[in-house]
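The residues making up each chain are set out below.
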Amino acid sequence: MSNKRPPSPEGTLIISKRSRTDGSGEEQQMVVASAGEGKGALVQGVKRTSGLQAPIMCLTGHQGEILDLKFDPSGSTLASSSTDKLVYLWRVYGDCANYGVLKGSKGAVTAIEWSQEGGMGGTSDKIFASTASNQMLLFSPVTGELVRRYRSHRGILNSLSLSPVAPNLVATGSDDCTVRIHSPNEAAEIDKIDIGHPVTAVEWLGGAGSEIAIGGVDNDIHIYDLRKKAVLYSLRGHQDTITSLRLSPNKSFLLSSSSDSLVKIWDIKPFVPVLNPIDPVLPPRLYRILGGAPAGFENWLRQVSWSNPSYGHNGKTFVAVGSADRSVTIWDSESGEIKFKLPGHRGTVIATDFSPREPIIASGGVDKLIYLGEIDVR
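A. Layout of the sheet that holds strand S18 (residues 199-204). As summarised here, the arrangement of the four strands in space is S18-S19-S20-S21, forming an open sheet in which the pairing is antiparallel. With one partner strand each, in any of the chains shown, S18 and strand S21 (230-235) form the two edges of the open sheet. Across this sheet, the average inter-strand angle for adjacent strands is 25°, counted without regard to direction. Bridge analysis of strand S20 (residues 221-225) against S21 gives five bridges, and the strand direction is antiparallel. Bridging across to S21, isoleucine 223 finds its partner in tyrosine 233.

Take a look at the structure:
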């Protein structure tokens, strides 16, 4: 089931379906009051920046907290996972219909990833999911079937990441203090990394595809080389558990979030100055420190995301994370300035993801709701 943000008893604004175009040819919509003394009165014109049916869409259906959500490579479908043990498939455009439910997990579905085999803008016929039942699952979003279970871990899986070089390789991080590398065609893992503490975040890096960023309860991020079987270097600076990691679109920077309420951008290019060019006191690879998104005390593994530079001004990118103040915070990744603080949720926002196609951001959290909203990136 999907609908626009419901009006409150006090009266709120809804977006009508009447549209017009201004002199530039850009579509606008009229905002009208839906309740109160000014009911039916024109309030303002809203310049549209996406193909969503309305600037904000609310998706309902999950019966548990939303732990992760991801757009498919084409940007036309959204997958969401929850503590209700289900993965929902939603159409992004039109009425945002929930057209599929993927079942089979015996525990909360903690993270999901679409296969990138079709490339950006292509279709994907695989969804990988990590679960609290110690298993990784492989689903077919086309048939809705559970294709395979992977039972190599001995603890809750917190994160997974697909190799950008070899799409058939998946890394999973678990409370059993290991990262394991899987191939969809193999029942057992093909490689294993012992970390020594619970792993809460993994992210496959670019380049040759042999490096993986690993975060956990030791507050540090370790860059591990699968070929050398060793940690190349560690990124230190967070003061609490790493909750998520995300590689930038140009594969030169790594985004991290932590329970210390900070989001950080790290320079992971092969060669960096010995001293930090911004502040010599800071770690050499630390590029930006982003504040303003409190993590709260519930210890949710909040998921960070990068925007697609193709729809930003002059290639500008944005980064986002949900927070305990019931909002989504979006920063300009270059200046570190907060560009948007998006309200609407009724509790901590756990998951965010930018569409690869248009300036649309999806968010979900403890209120069991998913919002799709367009942003103005000009």
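B. Summary view of the pattern of salt bridges. For the structure shown, the criterion picks out 14 salt bridges. In this structure, glutamate 374 and arginine 48 form a salt bridge, with 2.7 Å as the shortest nitrogen-oxygen distance. One end of the pair, glutamate 374, is in strand S32 (residues 370-374); the other, arginine 48, is in the loop between strand S4 (42-47) and strand S5 (56-59), with 326 residues separating them in the sequence. Overall, arginine 48 belongs to the buried group, its relative accessible area being 6%. A salt bridge links lysine 341 to aspartate 325; the nearest nitrogen and oxygen atoms lie 3.1 Å apart. You can see lysine 341 sitting in strand S29 (residues 338-342) and its partner aspartate 325 sitting in the loop between strand S27 (318-322) and strand S28 (328-332), a full 16 residues away along the chain. We classify lysine 341 as partly exposed; its relative accessible area is 36%.

C. Here's a closer look at unusual backbone geometry. With a phi angle near 75°, serine 261 is a residue other than glycine that sits in the positive phi range. Along the chain, serine 261 falls in the loop between strand S23 (253-258) and strand S24 (263-267). Judged by relative accessible area, serine 261 falls into the partly exposed class, the value being 23%. The phi dihedral of arginine 326 is positive, around 70°, even though this residue is not glycine. With respect to the element layout, arginine 326 can be found in the loop between S27 and S28.

D. Spatial organisation of the environment of threonine 143. You can see threonine 143 is positioned in the loop between strand S12 (136-139) and strand S13 (146-150). Remark: the alpha-carbon pair of threonine 143 and glycine 100, spanning 43 residues in sequence, is separated by 9.2 Å. For threonine 143, the side chain forms a polar contact with the side chain of serine 140, separated by 3.2 Å. For threonine 143, the side chain forms a polar contact with the main-chain nitrogen of glutamate 145, separated by 3.3 Å.

E. Examining the packing of aromatic side chains more closely. All told, the structure shown has two aromatic pairs when counted by the stated rule. Measuring from ring centre to ring centre gives 5.7 Å for tyrosine 88 and tryptophan 90, while their planes differ by 45°; the resulting arrangement is tilted. Among the residues examined, tyrosine 88 registers a relative accessible area of 10% and is labelled buried. A relative accessible area of 1% means that tryptophan 90 is categorised as buried. A ring pair is formed by phenylalanine 253 and tyrosine 287, whose centres lie 4.8 Å apart and whose planes are at 45°; its orientation type is tilted. With phenylalanine 253 in strand S23 and tyrosine 287 in strand S25 (residues 286-290), this pair connects stretches of sequence that are 34 residues apart. Overall, tyrosine 287 belongs to the partly exposed group, its relative accessible area being 21%.

F. Just the nonpolar core, in detail. In this structure, Leu59, Leu69, Phe71, Leu78, Val92, Ile370 and Leu372 are the most contacted members of the largest nonpolar core, which totals 18 residues. Those elements that place two or more of their residues in this core are S5, strand S6 (66-71), strand S8 (87-91), strand S31 (360-365) and S32. In terms of residue count, the dominant contributor to this core is S6 (three residues). Excluding anything up to four places from it in sequence, valine 92 contacts Leu52, Phe71, Gly75, Ser76, Thr77, Leu78, Ile360 and Leu372. Of all hydrophobic cores here, the second largest spans 14 residues; its members include Ala201, Leu235, Leu254 and Leu286.

G. Inspection of the sheet that holds strand S26 (residues 305-306) at higher detail. Read across the open sheet, the four strands follow the order S26-S27-S28-S29; overall the sheet is antiparallel. Each end of this open sheet is capped by a strand with a single partner; those strands are S26 and S29. Both S28 and S29 contribute to a ladder of four bridges, which runs antiparallel. Bridge assignment links valine 328 to a residue of S29, and that residue is leucine 342.

H. Looking closely at empty space enclosed by the protein. Under the definition given, this model contains two cavities of 30 Å³ or more. Taken as a whole, the largest cavity encloses approximately 90 Å³ of empty space. Ser159, Leu160, Val202, Arg246 and Gln303 are the residues nearest the centre of the largest cavity, which is lined by 17 residues in total. Within the lining of the largest cavity, the residues separate by chemical class into six nonpolar, six polar and five charged. Computed from the structure, the second largest cavity encloses a volume of approximately 40 Å³. Lining of the second largest cavity is provided by Thr243, Ser259, Ala295, Gly296, Asn299, Trp300 and Arg302.

About the cut-offs
- Residues numbered from 1 in each chain as written.
- Predicted model: local features only at pLDDT ≥ 70, side-chain atom pairs only at ≥ 80, totals over all residues.
- Heavy atoms only, no water.
- Pairing = 2+ DSSP bridges.
- Helix = DSSP H or I, 4+ residues; strand = E, 2+ residues; numbered from the N terminus.
- Axes fitted to C-alpha atoms, helices over the stretch in contact; angles between N-to-C directions.
- Salt bridge = Lys/Arg side-chain N within 4 Å of Asp/Glu carboxyl O.
- Buried < 20%, exposed > 50% of the residue type's maximum accessible area, 1.4 Å probe, protein only.
- Polar contact = N/O pair within 3.5 Å; in protein donor to acceptor, adjacent residues only side chain to side chain.
- Phe/Tyr/Trp six-rings, centres within 6.5 Å; stacked < 30°, edge-to-face > 60°.
- Core = buried A, V, L, I, M, F, W, Y, C linked by side-chain atoms within 4.5 Å.
- Contact = heavy atoms within 4.5 Å.
- 1 Å grid on protein atoms, 1.4 Å probe; cavity = no way out; pocket = protein on both sides within 12 Å on 5 of 7 lines; lining within 4 Å.
- Points joined across faces, edges and corners; volume = space filled by probe spheres on them.
- Nonpolar A, V, L, I, M, F, W, Y, C, P; charged D, E, K, R; others polar.

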